[in-house]
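Letter by letter, the chains look like this.
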Amino acid sequence: MAFNTLAAFVSALATIQVVNGALTRRVTCPDGVNTATNAACCGLFAIRDDIQQNLFDGGTCGEDAHESLRLTFHDAIGFSQSAAARGVFGGGGADGSIAIFESIETNFHASIGVDEIVNEQAPFIARHNITPGDFIQFAGAVGVSNCPGAPRLEFLLGRPPAAQPAPDKTIPEPFDTVDTILARFADAASFTPEEVVALLASHTVAAADEVDPTIPGTPFDTTPGFFDTQFFIETQLRGTLFPGTAGNQGEVESPVAGEMRLQSDSELARDSRTACEWQSMVNNQNKMMTVFKSAMAKLAVIGQDVSQMVDCSEVIPMPPPPQSTAHFPAGLTNADVEQACAETPFPTLPTDPGPATSVPPV
């Protein structure tokens, strides 16, 4: 009896292994070049290669990569749990509505300027078999993979096309209060204050075109081509100047010539609910990568039924390793830090040598 029981167990184990093997066996894609764990992912290889060459300039961490990452947020955050609970349409989340209803949503004040990347992406959506919602999140993940130090983002395939535009006022503005910003993120997808900070790691490879329209392409830190922790360092330095004109809504003084500081970033870096999490990113590349990847995975499927989606993360390129180290811009030191976290002292960092740093537009 014991032998029969053991034999049955071994047989069952072998069956499980065969089944698991079948589940993980890779399929050869129709192009004869690539393989995938799910045949549904095969069509993404051609899209990836197309956008790397023709949208991201041969796979660079440039303006279109930055703007594609920004677009993932502007499309996905248009969702309201509280509105849905009242029986009111609060947006479809990451559904591509910003591309499908471009003439409506890109005219929302919070999305002024986003029409440029929406229009650049439109021909790629038209010539490939992919929904706008899937394309926006896929392009954002591929684009940021070109930035040294970025994490390899997840990508799930299967967002149906949006049926109606997201409502206005669902995208936070740089002049909003911290209370308003945290409430909006919580209403969109129960984001915690820590996850809000994590998502703002995207600003390390970002720039502003419309906050001060006299200086388009003004970056938010001194290393916009690297996904590094400089954004979290430099937002905590004392602001002393405006890179362009003064008095722009949503802008406060920055510490470096050519660098823009958003009012919202400045206040989140100094608010008691977020300051310590903000500071914890300083010189902590691994943490920043990990929490950004997790928060982006949550953002990318807002409003979607994940059980009906296919994990095609394997198609996303592996980003280059970090190529920068945490530092103060030339001319600045720990003495310029506006300490906001009451729990932990600000890390000691080296200062770049040479004359005071000035950042060119991107």
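Residues numbered from 1 in each chain as written. Predicted model: local features only at pLDDT ≥ 70, side-chain atom pairs only at ≥ 80, totals over all residues. Heavy atoms only, no water.

(A) Highlighting empty space enclosed by the protein. In the structure shown here, the tally under the stated rule is three cavities of 30 Å³ or more. Its volume calculated, the largest cavity comes out at about 70 Å³. Contributing to the lining of the largest cavity are Thr 72, Gln 137, Gly 140, Ala 141, Leu 153, Glu 154, Lys 293, Met 296, Ala 297 and Ala 300. Of the residues contributing to the lining of the largest cavity, the split by class is five nonpolar, three polar and two charged. The calculated volume of the second largest cavity comes to roughly 50 Å³. Around the second largest cavity sit Glu 63, His 66, Glu 67, Ala 207, Asp 209, Gly 217 and Val 362, which together line it. The element contributing the most residues to the lining of the second largest cavity is helix α3 (residues 63–76), with three residues. Grouping the amino acids of the lining of the second largest cavity by side-chain chemistry returns two nonpolar, two polar and three charged. (1 Å grid on protein atoms, 1.4 Å probe; cavity = no way out; pocket = protein on both sides within 12 Å on 5 of 7 lines; lining within 4 Å. Points joined across faces, edges and corners; volume = space filled by probe spheres on them. Nonpolar A, V, L, I, M, F, W, Y, C, P; charged D, E, K, R; others polar. Helix = DSSP H or I, 4+ residues; strand = E, 2+ residues; numbered from the N terminus.)

(B) Here's a closer look at unusual backbone geometry. In this structure, Asp 57 is a non-glycine residue whose phi angle is positive, near 55 degrees. Assignment of secondary structure puts Asp 57 in the loop between α2 (43–54) and α3. One non-glycine residue, Asn 283, adopts positive backbone phi at about 55 degrees. Mapped onto the secondary structure, Asn 283 falls in the loop between α13 (275–280) and α14 (285–299).

(C) View of the confidence of the model for the chain. Chain-level statistics for the chain give a pLDDT mean of 93 and a share of 93% at 70 or above. Below a pLDDT of 50 lies the segment residues 1–23, which in the model reaches zero contacts outside its immediate sequence neighbourhood of four places, other chains included. (pLDDT = per-residue confidence, 0-100. Contact = heavy atoms within 4.5 Å.)

(D) Examining the pattern of salt bridges more closely. Inspection of every chain in the model, using the stated rule, returns 12 salt bridges. A salt bridge links Asp 187 to Arg 184, with the nearest nitrogen and oxygen atoms 3.2 Å apart. Of the two residues, Asp 187 and Arg 184 both sit in helix α9 (residues 178–189), three residues apart, roughly one turn of that helix. Between Arg 273 and Asp 271 there is a salt bridge, and its shortest N-O distance comes to 2.8 Å. Looking at Arg 273, the relative accessible area reads 39%, which means it is partly exposed. (Salt bridge = Lys/Arg side-chain N within 4 Å of Asp/Glu carboxyl O. Buried < 20%, exposed > 50% of the residue type's maximum accessible area, 1.4 Å probe, protein only.)

(E) Broad picture of the nonpolar core. Grouped together as the largest cluster of nonpolar side chains are 82 residues, with contacts concentrated most on Leu 44, Ile 51, Phe 138, Phe 191, Phe 227, Phe 232 and Leu 299. Residues contacting Phe 227, with those up to four places away along its chain left out, are Val 144, Cys 147, Pro 148, Gly 149, Ala 150, Pro 151, Ala 201, Thr 204, Val 205, Gln 285, Met 288 and Phe 292. In terms of nonpolar packing, the next biggest core, distinct from the first, is built from six residues, Ile 98, Val 114, Val 118 and Ile 136 among them. (Core = buried A, V, L, I, M, F, W, Y, C linked by side-chain atoms within 4.5 Å.)

(F) Up close: the state of the cysteines. Tallied over the full model, the rule gives four disulfides. Paired through a disulfide, Cys 61 and Cys 147 show a sulfur-sulfur distance of 2.0 Å. As the torsion about the S-S bond is roughly 85 degrees, the Cys 61-Cys 147 disulfide counts as right-handed. Of this pair, Cys 61 sits in the loop between α2 and α3 while Cys 147 sits in the loop between α8 (132–144) and β3 (156–157), and the two are 86 residues apart along the sequence. Given the relative accessible area of 1%, Cys 147 is considered buried. Paired by a disulfide, Cys 276 and Cys 341 hold their sulfur atoms 2.0 Å apart. Note on the Cys 276 and Cys 341 pair: the S-S dihedral is about 95 degrees, so by sign convention the disulfide is right-handed. (Disulfide = S-S within 2.5 Å.)

(G) Structural detail: the side chain of Glu 173. Counting through the fold element by element, Glu 173 comes out in the loop between β3 and α9. Nearest to the buried, unbridged Glu 173 among oppositely charged side chains is Lys 169, at 6.0 Å. A polar atom in the side chain of Glu 173 sits 2.8 Å from the side chain of His 109. Discounting chain neighbours no more than four positions away, the residues touching Glu 173 are His 109, Ala 110, Ile 181 and Ser 264. (Lys, Arg positive; Asp, Glu negative; His and termini not counted. Polar contact = N/O pair within 3.5 Å; in protein donor to acceptor, adjacent residues only side chain to side chain.)

(H) Inspection of the packing of α2 against α8 at higher detail. Viewed as axis vectors pointing N to C, α2 and α8 meet at an angle of 60 degrees, and their least axial separation amounts to 11 Å. The angle between α2 and α8 falls in the class oblique. For the element pair α2 and α8, the recorded crossing hand is right-handed. Only Phe 135, Phe 138, Ala 139 and Val 142 of α8 make contact with α2, whose side of the interface consists of Leu 44, Ile 47, Arg 48, Ile 51 and Gln 52. Tallied by class, the residues present in the contact of α2 with α8 amount to seven nonpolar, one polar and one charged. (Axes fitted to C-alpha atoms, helices over the stretch in contact; angles between N-to-C directions. Parallel < 35°, antiparallel > 145°, perpendicular 65-115°, else oblique. Left-handed = near helix turned anticlockwise from the far one by under 90°.)

(I) Spotlight on the packing of helix α7 (residues 115–127) against α8. Running from N to C, α7 and α8 cross one another at 120 degrees; their axes reach a closest spacing of 10 Å. When the axis of α7 is compared with that of α8, the two are oblique. For the pair α7 and α8, the crossing hand works out as right-handed. Here Gln 121, Phe 124 and Ile 125 of α7 come into contact with α8, specifically with Pro 132, Phe 135, Ile 136 and Ala 139.

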